[in-house]
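# Commentary on secondary and tertiary structure
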Amino acid sequence: PLTGPELKELTDGLSRLARNLWWCWDQEAQDIFQQLSPRGWQNLDHNPVAVLHEVSDYELRMRLQDPDLAARVRQTLANFNTYLHEKDTWGAKHMPELVKNPVAYFSAEFAFHECLPIAAGGLGALAGDHTKSASDLGLGFVGISLFYREGYFQQSVGHDNWQQENYVQLNPRKLPLDPVLNANGEPIVCSVRIFGQPIHFHAWRINVGRVPVYLLDSNRPENEGQYRDLTNRVYGGDTTTRIMQEILLGIGGVRLLRALGITPSTFHMNEGHAAFLTLELVREKLAAGK
């Protein structure tokens, strides 16, 4: 039987693995989480974080007493650790300058996996694949988007043969997300001005292999209701709502990067949704007298 420290090493490792989307392009990692709870894996959008919430600590420890499963978990965690800490990557060889000054990739949507429905279609698929590829290559890369608490609608067809849109509230505690905190363990809060009012936001971090992606979230008590709901849905609301989302994405994204101490070498806009970032960069230059 596995000892207490050995079990803790495996359970802690599974928790870390569940919170990094590397598993979504590693079949063995997915198979392990499916084996832990086949029904949960099917019913919870193939989401390892939600699966680990469903499986009790006692059950997990008992399952890991299976020598075959324990060996598979240990090997997968070793592969994951090797991937994260590999030094001899394409990026390290050919673009070492991006380690200190990464590409900041702004996109209104990122499609990573079905458990995180914050994309509407092809633009998000492109952004998600760029992010995974940057991770595999070891490029200095950071993503910026919005945390859509109701995501993109789930489609069904009613009895009248018309499309029905259903929105489901996402629970960050059961998603591969971590709050972005300062040195005191408190959320980093930034703001932008919209219609003359300061709109405050915090952020969530998704670990996509070696790459961080930050999602801005305006659902804060300091904001009025309409602004708390600003990041509710992908491309939600009317034109005014879209413009406000784009101000938050572009200007707010730059301000979050500054608050995190990240100095990008390049700002990439995935289509025009983040175009307001150019105005924030101009404002910074003018404020600095350049």
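Every value quoted in this text rests on a predicted model; they were computed, and no experiment measured them.

Now for the overall build of the protein. Each helix and strand in the protein was counted, giving 12 helices and 9 strands. Over its C-alpha trace the protein gives a radius of gyration of 20 Å, about what one expects of a compact globule, namely 19 Å for 290 residues. By its C-alpha atoms, the protein is 65 × 60 × 35 Å across when sized along the principal axes. A total of 290 residues make up the protein; the buried ones form 47% of that total. Once local pairs closer than 6 in sequence are excluded, the contacts in the protein between residues at least 24 apart make up 66%. Within the protein, one finds 27 positive and 33 negative side-chain charges whose respective centroids are separated by 7 Å.

Glancing now at the nonpolar core. Counting 77 residues, the largest nonpolar core has F106, I206 and L256 as the members making the most contacts within it. At 8 residues, helix α11 (residues 239–259) tops the list of elements feeding residues into this core. Excluding its chain neighbours within four sequence positions, the residues that come into contact with F106 are I144, L249, G250, G253, V254, L257, F267, H268, M269, N270, A274 and L277.

Another point: the packing of helix α1 (residues 4–18) against helix α6 (residues 67–85). Where α1 meets α6, the axes come as close as 10 Å, and the angle between the chain directions of the two elements is 50 degrees. When the interaxial angle is binned, α1 and α6 end up oblique. α1 and α6 meet at a crossing whose hand is left-handed. Touching E9, L10, G13, L14, R16 and L17 of α1 are A70, V73, R74, T76, L77 and F80, all from α6.

Despite not being glycine, N161 has its phi angle at roughly 70 degrees, a positive value. If you trace the backbone, N161 turns up in the loop between β3 (154–157) and β4 (163–166). The phi dihedral of F195 falls on the positive side, at around 55 degrees, and the residue is not glycine. By relative accessible area, which is 61% here, F195 ends up exposed.

Cut-offs used in this document
- Residues numbered from 1 in each chain as written.
- Predicted model: local features only at pLDDT ≥ 70, side-chain atom pairs only at ≥ 80, totals over all residues.
- Heavy atoms only, no water.
- Helix = DSSP H or I, 4+ residues; strand = E, 2+ residues; numbered from the N terminus.
- Rg over C-alpha atoms; globule rule 2.2 N^0.38 Å.
- Buried < 20%, exposed > 50% of the residue type's maximum accessible area, 1.4 Å probe, protein only.
- Contact = heavy atoms within 4.5 Å.
- Lys, Arg positive; Asp, Glu negative; His and termini not counted.
- Charge placed at Lys NZ, Arg CZ, Asp CG, Glu CD.
- Core = buried A, V, L, I, M, F, W, Y, C linked by side-chain atoms within 4.5 Å.
- Axes fitted to C-alpha atoms, helices over the stretch in contact; angles between N-to-C directions.
- Parallel < 35°, antiparallel > 145°, perpendicular 65-115°, else oblique.
- Left-handed = near helix turned anticlockwise from the far one by under 90°.

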